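# Examination of the molecular architecture
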Amino acid sequence: MLTGCSALAEDTQGVQVATAFYPLQYVAERVAGDHATVENLTQVGKEPHDLELTIQETALIAQADLVVHQGGFQPAVEDGVAQNATGAVLDVTDVVAMVPFDDGHHGEHEDEHEHEGHDHGDLDPHFWLDPLRLADVGDAVADELADIDSEHADDYRSRARELRADLEALDREYAEALASCARDTIVVSHDAFGYLGKYGLHLEPVAGLSPEAEPTVADLAELQELVKEEGITTVFSETLASPRFTGPLADDLGITTAVLDPLEGLTSESADDDYLSIMRDNLAALEKANGCR
């Protein structure tokens, strides 16, 4: 089977790039252009936290000229890279400054929520929700591809500059749109949106870091009180996670539910979208929920 997968991989011309999950795929495709083939290890509709590598995905890692992954986020990928990668490896944690979970999370309610189920000293892995941090990954991917394929180095770096310009524009859109809102607290299903805190948002997760984490009765009671106190209109669920806690919470309070996409991966419904369009959909949902402008 491995021989068959290797033969498939060798059929493709040019530089081969393997990426661990969607935001890294988006960056690699933008920077590579037509000079490389980018394959994503996490399939559409799958939760990247849960990824277990198939033989074919292991072969992709082994054949790749460059593997782009995030240390500490997907243990199976980390193991697969350590055991099988033969080309260059970019761990984005080496180029992106991650923030701790307690940096900008929960705002004034922070002390009340130390029951969130993770160590507040841990780093939040969802860095791609800050467009400027994702731009740093683009620059690093361009440098790696320029080393691998020096003939097209100028193209890679030019494309990384174009990507950075797009991401800087998106960052400005968020900052401007969320500057004047009736409310600044959002209730989300799990603690995946902390990087949005840079725009003045306070995040209140129903559960902790893992989408599968279960809130306690006390957690839900505190959130209900918070929703009433702050006039929160919306509880956000996610695209790849079950709404089994957010739905009942919203029903109990008589408020609406909406979807925020943590952009960990595309779904079959969002397959025609990309990072920029999904982030703009998220922004529109946040503006509506928080009564901005």
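Quick caveat, the model's predicted, so the values are computed rather than measured. (Residues numbered from 1 in each chain as written. Predicted model: local features only at pLDDT ≥ 70, side-chain atom pairs only at ≥ 80, totals over all residues. Heavy atoms only, no water.)

## Let's talk about the state of the cysteines
The following threshold applies: We call a pair of cysteine sulfur atoms a disulfide when they lie within 2.5 Å. The helix count covers DSSP runs of H or I at least four residues long, the strand count covers runs of E at least two residues long, and both are numbered beginning at the N terminus.
By the definition in use, this model includes 1 disulfide. Shown here is the disulfide that connects Cys-181 with Cys-292, its sulfur atoms set 2.1 Å apart. Here Cys-181 and Cys-292 share a disulfide; its torsion about the S-S bond, 95°, makes the bridge right-handed. Linking Cys-181 in the loop between α6 (153-177) and β5 (185-188) with Cys-292 in the segment after α9 (275-290), this pair joins segments that are 111 residues apart in sequence.

## What to know about α9
The condition is simple: A helix is expected to span 1.5 Å multiplied by its residue count minus one. Exposure classes here rest on a 1.4 Å probe applied to the protein chains alone. A residue is buried below 20% of its type maximum, exposed above 50%, and partly exposed in between. Contact between two residues is taken to exist if any of their heavy atoms lie within 4.5 Å; hydrogens are not considered. Nitrogen and oxygen atoms within 3.5 Å of one another constitute a polar contact, given that in protein one can donate a hydrogen and the other can accept it, and given that sequence-neighbouring residues count only through two side-chain atoms.
Over its 16 residues, α9 runs 22 Å from end to end, which matches the ideal 22 Å to within 8%, given 1.5 Å per residue. Within α9, the full set of buried residues consists of Tyr-275, Leu-276, Ile-278, Met-279, Asn-282, Leu-283, Ala-285, Leu-286, Ala-289 and Asn-290. Contacts made by the buried residues of α9 are with α2 (22-32), α5 (131-148), α6, β5, β7 (234-238) and β8 (256-260). Of the residues flanking the start of α9, the one acting as N-cap is Asp-274, its side-chain oxygen 3.1 Å from the backbone nitrogen of Leu-276. Gly-291 lies just past α9 and shows a positive phi near 60°.

## Regarding the sheet that holds strand β1 (residues 15-19)
Applied cut-off: DSSP calls a pair of strands paired once it identifies at least 2 bridges connecting them. Lines fitted to the C-alpha atoms define the axes, with helices restricted to the stretch that makes contact. Angles between their N-to-C directions range from 0 to 180 degrees.
Spatially, 4 strands are ordered β2-β1-β3-β4 in an open sheet, and the strand pairing comes out parallel. At either margin of the open sheet sits one strand with a lone partner, and together these are β2 (36-40) and β4 (88-91). Across the sheet, the axes of successive neighbouring strands diverge by a mean angle of 20°, strand direction being ignored. Two strands pair when backbone bridges link them, and strand β3 (residues 66-69) and β4 are joined in this way by 4 bridges, in the parallel orientation. By the bridge assignment, Val-67 is partnered in β4 with Val-89. Across the sheet, α2 is in contact with β1, β2 and β3; its angle to β2 comes to roughly 175°.

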